[in-house]
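Overview (structure and organization)
As a plain string of letters, each chain reads:
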Number of protein chains: 4
Amino acid sequence: MTVVNGYEQSDNEKKLDILNLPALEDEAKKIIPTGGYGYIFGGSEDDWTLKQNTLAFEHAQIVPKALSDIEKPDLSTNVFGIDLKTPVMMAPTAAQGLAHAQGEDDTARGVAAVGGLMAQSTYSSTSIADTAAAGNGAPQFFQLYMSKDWSFNESLLDEAKKAGVKAIILTVDATVDGYREQDIINNFQFPIPMANLTKFSEGDGKGKGIADIYASAAQKIGPDDVRRIAEYTDLPVIVKGVQSPEDAMRAIGAGAAGIYVSNHGGRQLNGGPASFDVLESIAKAVNHQVPIIFDSGVRRGSHVFKALAAGADLVAFGRPVIYGLALGGAQGVQSVFEHIDHELEIIMQLAGTKTIEDVKHAPLLHIHYND
Amino acid sequence: MTVVNGYEQSDNEKKLDILNLPALEDEAKKIIPTGGYGYIFGGSEDDWTLKQNTLAFEHAQIVPKALSDIEKPDLSTNVFGIDLKTPVMMAPTAAQGLAHAQGEDDTARGVAAVGGLMAQSTYSSTSIADTAAAGNGAPQFFQLYMSKDWSFNESLLDEAKKAGVKAIILTVDATVDGYREQDIINNFQFPIPMANLTKFSEGDGKGKGIADIYASAAQKIGPDDVRRIAEYTDLPVIVKGVQSPEDAMRAIGAGAAGIYVSNHGGRQLNGGPASFDVLESIAKAVNHQVPIIFDSGVRRGSHVFKALAAGADLVAFGRPVIYGLALGGAQGVQSVFEHIDHELEIIMQLAGTKTIEDVKHAPLLHIHYND
Amino acid sequence: MTVVNGYEQSDNEKKLDILNLPALEDEAKKIIPTGGYGYIFGGSEDDWTLKQNTLAFEHAQIVPKALSDIEKPDLSTNVFGIDLKTPVMMAPTAAQGLAHAQGEDDTARGVAAVGGLMAQSTYSSTSIADTAAAGNGAPQFFQLYMSKDWSFNESLLDEAKKAGVKAIILTVDATVDGYREQDIINNFQFPIPMANLTKFSEGDGKGKGIADIYASAAQKIGPDDVRRIAEYTDLPVIVKGVQSPEDAMRAIGAGAAGIYVSNHGGRQLNGGPASFDVLESIAKAVNHQVPIIFDSGVRRGSHVFKALAAGADLVAFGRPVIYGLALGGAQGVQSVFEHIDHELEIIMQLAGTKTIEDVKHAPLLHIHYND
Amino acid sequence: MTVVNGYEQSDNEKKLDILNLPALEDEAKKIIPTGGYGYIFGGSEDDWTLKQNTLAFEHAQIVPKALSDIEKPDLSTNVFGIDLKTPVMMAPTAAQGLAHAQGEDDTARGVAAVGGLMAQSTYSSTSIADTAAAGNGAPQFFQLYMSKDWSFNESLLDEAKKAGVKAIILTVDATVDGYREQDIINNFQFPIPMANLTKFSEGDGKGKGIADIYASAAQKIGPDDVRRIAEYTDLPVIVKGVQSPEDAMRAIGAGAAGIYVSNHGGRQLNGGPASFDVLESIAKAVNHQVPIIFDSGVRRGSHVFKALAAGADLVAFGRPVIYGLALGGAQGVQSVFEHIDHELEIIMQLAGTKTIEDVKHAPLLHIHYND
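Everything quoted here is computed from the prediction, not taken from an experiment.

Digging into the overall build of chain A
Of regular secondary structure, chain A possesses 14 helices and 14 strands. Whereas a compact globule of 371 residues would reach a radius of gyration of roughly 21 Å, chain A reaches 19 Å, a difference of no more than 12%. When its C-alpha atoms are laid out on the principal axes, chain A stretches across 60 × 45 × 40 Å. Taking all 371 residues of chain A together, 67% fall into the buried category. Total accessible area on chain A stands at roughly 11900 Å², and carbon and sulfur atoms take up 48% of it. Across chain A, the centroid of the 30 positively charged side chains sits 1 Å from that of the 47 negatively charged ones.

What follows is the structure in structure tokens.
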């Protein structure tokens, strides 16, 4: 264990024996300090949207398909021109030092080991360059929380581009922090510095609450910002935090190269729909003009299948990976991806889908169940 | 603590550290005597409508909106020609002396401090004039429980007009008291006099049950009563207790200057719909002919947003304010309003709505969730 | 207490202080012996239909109506040419000696005291003549479980007619006994004789299980039986146990003078719909050709209101009356009726309905709630 | 008790006193060793589909029918040209030695005693010939898990045909094993040999996990396999594991003589619909071209009725029979069938259906209930 500013970071490095990802949460809770755990797992207000995010996958059902003459499903895919061994990617997730001393570096190692895609967060505990190096050539994206200070944005984008990231994910759904009760209950202050913030005039994020951090971020974000970032970086810009066809069209109109359907894991607007429940209408509007990434609530291989069948090209998740990181470092992250891939592979076989492209064309039922 | 007729009234005066309003109820329960608390929080019969009032907000979902180029949402609004700093108003609520020794006077002070709107109840523990004075020039409405004795109604209206109230709220959904089991269980009698009833021939309300109080009230109320009160006072008359488009149209036809959609917080007709579930159809029928006030079940900023988006111009609540009153007097009331405004402001930012007018035009989804 | 064949019968005679009827069940459970209580409250199989019977009232909501200019609602009605002071009647219910030493005689006294309508069961603990006499001139119906032995049927009908009953209720939904698990768990045998069965060759019902009792009853019942009974008695025949428009039409075609919508309180076909959920479609088909009686699940004044608004002319209930009988004899029965009438009167006032005829024309909403 | 490889097998032989089949599960849990019990009752992933399989029967309601002039319902039927005394058959279920020392032989005896239909599983603890002999001339089917080794398939089919089975059930929904968490939790290995696997080159199944067993099975199954088996055996081939009209049509196009609607009791694709919820659409598509067998979730007589009314010609179940086998051997199996037949007979009488053909034409309602 590593103790930083009185905060006990895990330094586990081991493969995990995973029954399922929900069970992993209970294990992780035992080793992540209360404040950090509350920050990671909590949603906003009474967690209604957070809870529905996962329950909403029950709103669609996979149609088993037999006599399909298929075997050995293939999980590889190509999105944004990048070859991936799995359609499941690491969502950009802040402050992974709360879970593990190696933070995002270990996450990058674990994701690379499974041939997946890693997204770094602006609020990473580690620096862009270090985490890119830890990924050892595996594809990475960089997520930007836009600062009010445009020169700071440019310095981050410069560093990301230099580190070789393939795309910029611009988060647009966090122009103010959601009302996160766990952080209030725990009076949570970040004990671990955020490496990228050392260039901020205001400091490095250590000892600040989430509201302080957001205070430096831009509240006012619009289509022009998408254009400006795309022009500045000449990298594809993916707009993250889309929950309606209207927003997707506005983003594409502003030059977005990808749409990231997410409600920030239920951490922002509580009382909005489950992210999965709006995916189909957005995918219909986007109509394959650009790829769609989906996150919020994904815990099972069947969830990944349903999201792909409902219109996603990539499916991201964050919390379960962080739990794996806490429990096993880079190998723990790898175990989490291997587990969800294993569940997905079984579902693909039983649904008669040999490729991710097949999954994207698989039918879903919408029978109403009570729980 | 102040003890009146053996009843222990809080005399707290302090700002409150509020996590959320549902949590406030638990705190308030500890300091309000059982009978008073039962009277305040209880509904009718088995509380089904009471419970659905709050759950019904889950029947609509807010659409997060990004790339909206907005920041610093503005909660101010103008309704009935009155400038308000918040669209959240204090519902007319009886017998606040049950919660605090200063009763409605402290509520009026707290509401004034946030630039909100206060509605006095006929059954106030304090007098119209005193509470108006406590409000110190802030806008107030007066709610009338019509008496069988018309001269008594006139004397109340006279006093209200003299005190400068901006409108009369005529409650029409309480022509008999709902079957309130908490009051029966507690054999509840009002221990605190109701100041406005000292002019009743029957007494001041002290030591009477709710059924006794209502016995003096008119059971027979119709459109002519709306007209009569409007003519007598020459003030806008808002009809409170509307739950159907038909009633709204009947009220407007009788000269109502406003419609107050409410089911009396689930205290009257149990087995009727949640108040929020009928709001949209009423707003459609009213079609902006007069402003709409909404109450029943509001506990979150997201509820306020949803009610405004569904057609309300003002959103009222009562119980949470009473809990704040018990816990902190005028400052407690102020804390409650500041808290719900804070939640609302976050939602407004995340829904891309800069003004209350924007909120009124925001879309709502109606996805069915199981809980 | 009266002990018969080792079975302890209540002999309470007192007014009851009733909070609500569901709470009465808990009280009654304490004084009715286990076997008897299980027989009374239990349904069939896993009680799904029994449970839905009451929950289904949440499938419709009453529309509060204000500005209606009404007061003092009038619960009196006239059905089958009989003047009644309440639209709530006593359902035919077997073996009331299980609950009280005076059995149906006390029930008849209590019902008469409120100006209501009493239905005697074939399987009464008391005789037709005695119970009719106890009713002291108040209106009564006689319910027939048709025997395979037609001469027995005739003797019962003769006795009923002689006793002055106004109509015959022919139960058609019990051609075999439902699978009642409570009776199996308790290995229940009737400890109290059934007075009307003393004329059976097989005995008086004492010491028999429910299956034995039914074994003497006719399994094969058809339209011709309705005709035969109507012709034999020259009394109106009401067909009880109707759950579909088709059955209602078949009954009317066979000369039924009334339709009794009931699923036997969830004691027969488990897995069928809640009785309330089929009422509207049946009422539409019947289209006022004959009156409709409704039962199954009624526990609240709001339930009575909803059933009348959905098409019933009379609303019956059984179990709550039996509980009142156990706890207070004739006065207990009276208290139960007075209580539900009190709840109904409040609902009528708040729904702006002055008469039972108004209630029958009141609108219902059908918003879907989760619980 | 018989102990094999340290595994304690029941050797009970007695009639059972059954209250209902869900209650039987609790009893069986006490005597079946943990690993075996987990294998039998468990589903895949979080058991969502498993749970919905039974709850889904609440999605349809039986219409009680009175005045039907019927009595003594007749449960006999003829399907695939076979006369049966009950429409409830034994589903093919693996490794019944986990529940009882006599395994499938006792099951066959019990099924024969009620005049039902027995389906043997490829993975039986007993041999095809022995179990056929135990059935003593009663009709049996043989279920095939297709091996990658076609000569092995032929040897099994030869043996089955020699043993006189009337049809081959080809399971097509298990081309990979579902993600069964109970088996992982228990680290379950089969302690009892599977008699038919002794011809496998890989061994007899003893000491292997479910994944090992499946590894020998064919993953790639298509329409040609149906044709090949039908041609090879000249027996009717029933395709088991159909959950969509498309699969049913594909199977019939390939020569299937019957469609077996099943989701493998929730043991395979979790996140798919409840089996009952897809039955009607499949039956509509099949349109009586071939008979339909249904299983997954059946626990009550009312479930059997609903499945028949929704389009099934035969209704199968497995787990409850295995529990009866554990508790009472052949007589226990007989008791289970007698019990569900008893429940079914009551439902048939109360629904006014005299024959299984009547049941197949009975209407179902589809009212939405919350639980």
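Now that the structure has been shown, the text picks up again.
A few points about the arrangement of the chains
Without any contact between them, chain A and chain C keep their closest C-alpha atoms 9 Å apart. At their nearest point, the C-alpha atoms of chain B and chain D are still 9 Å apart, with no contact between the two.

A short note on the environment of Ser127 of chain B
All names here are of chain B. Structurally, Ser127 can be placed in the loop between β7 (118–120) and α5 (128–135). Of the residues examined, Ser127 reaches a relative accessible area of 18% and is grouped as buried. In this structure, the C-alpha to C-alpha distance between Ser127 and Leu197, residues 70 residues apart in sequence, is 9.2 Å.

A look at the UniProt feature "active site" (unreviewed entry) in chain A
All names here are of chain A. The UniProt record annotates "active site" (unreviewed entry) at His264. Tracing the sequence through the fold places His264 in the loop between β11 (258–261) and α11 (275–286). With a relative accessible area of 10%, His264 lands in the buried category. If sequence neighbours within four positions are ignored, His264 has contacts with Tyr145, Thr171, Asp173, Ala174, Arg180, Tyr214, Lys240 and Ser296.

Points about the interface of chain D and chain C
Facing the 34 residues of chain D at the interface are 44 residues of chain C. When the two sides are added together, the surface that chain D and chain C hide from each other amounts to roughly 3100 Å², 59% of it contributed by carbon and sulfur. One can count two salt bridges joining chain D with chain C. As a salt-bridge pair, Asp69 of chain D and Lys220 of chain C come within 3.9 Å of each other at their nearest N and O atoms. Here chain D is connected to chain C by 19 residue pairs in polar contact (both at pLDDT 80 or more). Counting residues per element, the side of chain D that touches chain C draws most heavily on helix α13 (residues 319–350) of chain D, at seven residues. When its residues are assigned to classes, the side of chain D that touches chain C shows 16 nonpolar, nine polar and nine charged.

With respect to the relation of the copies chain D and chain A
Expressed as a screw transformation, the operator carrying chain D onto chain A has a rotation angle of 90° and an axial translation of 0.0 Å, and the superposed copies differ by an RMSD of 0.0 Å. Taken together, the rotation angle and the small translation identify this as a four-fold axis. Of the C-alpha atoms belonging to chain D, the one lying closest to the rotation axis is found on Asn370 of chain D, 4.3 Å away. Here only 9% of the interface residues in chain D have copies in chain A that are interface residues too; the copies meet through unlike faces.

Thoughts on helix α10 (residues 245–253) of chain C
Residue and element names in this part refer to chain C. Buried residues of α10: Asp247, Ala248, Ala251 and Ile252, and no others. Each buried residue of α10 sits inside an arc of 135° when the element is viewed along its axis, so together they form one side. Relative to its buried face, α10 has exposed residues pointing more than 90 degrees away, namely Glu246 and Gly253. Phi turns positive one or two residues past the end of α10, at Gly255, with a value near 100°.

Let's talk about the pattern of salt bridges
Residue and element names in this part refer to chain C. All chains considered together, the criterion is met by 40 salt bridges over all chains. Among the ionic pairs, Lys30 bridges to Glu27, the shortest N-O distance being 3.2 Å. Here Glu27 and Lys30 lie together in helix α1 (residues 21–31), a separation of three residues that amounts to about one turn. Looking at Glu27, the relative accessible area reads 39%, which means it is partly exposed. For Lys360, the salt bridge goes to Asp313, with nearest N and O atoms at 2.8 Å. Here the residue Lys360 occupies a position in helix α14 (residues 356–360), and Asp313 occupies one in the loop between α12 (301–309) and β13 (314–317), the gap between them amounting to 47 residues. Taken individually, Lys360 and Asp313 each receive the classification buried, so the pair is uniform in this respect.

Conventions and cut-offs
Residues numbered from 1 in each chain as written. Chains lettered and ligands numbered in written order. Predicted model: local features only at pLDDT ≥ 70, side-chain atom pairs only at ≥ 80, totals over all residues. Heavy atoms only, no water. Helix = DSSP H or I, 4+ residues; strand = E, 2+ residues; numbered from the N terminus. Rg over C-alpha atoms; globule rule 2.2 N^0.38 Å. Buried < 20%, exposed > 50% of the residue type's maximum accessible area, 1.4 Å probe, protein only. Areas by Shrake-Rupley, 256 points an atom, 1.4 Å probe, with all protein chains shown as cover. Lys, Arg positive; Asp, Glu negative; His and termini not counted. Charge placed at Lys NZ, Arg CZ, Asp CG, Glu CD. Contact = heavy atoms within 4.5 Å. UniProt positions renumbered as here; feature names shortened; annotations may be inferred. Buried area = accessible area lost by both parts, 1.4 Å probe. Salt bridge = Lys/Arg side-chain N within 4 Å of Asp/Glu carboxyl O. Polar contact = N/O pair within 3.5 Å; in protein donor to acceptor, adjacent residues only side chain to side chain. Nonpolar A, V, L, I, M, F, W, Y, C, P; charged D, E, K, R; others polar. Least-squares fit on C-alpha atoms with pLDDT ≥ 70 in both. Arc of directions from axis to C-beta.

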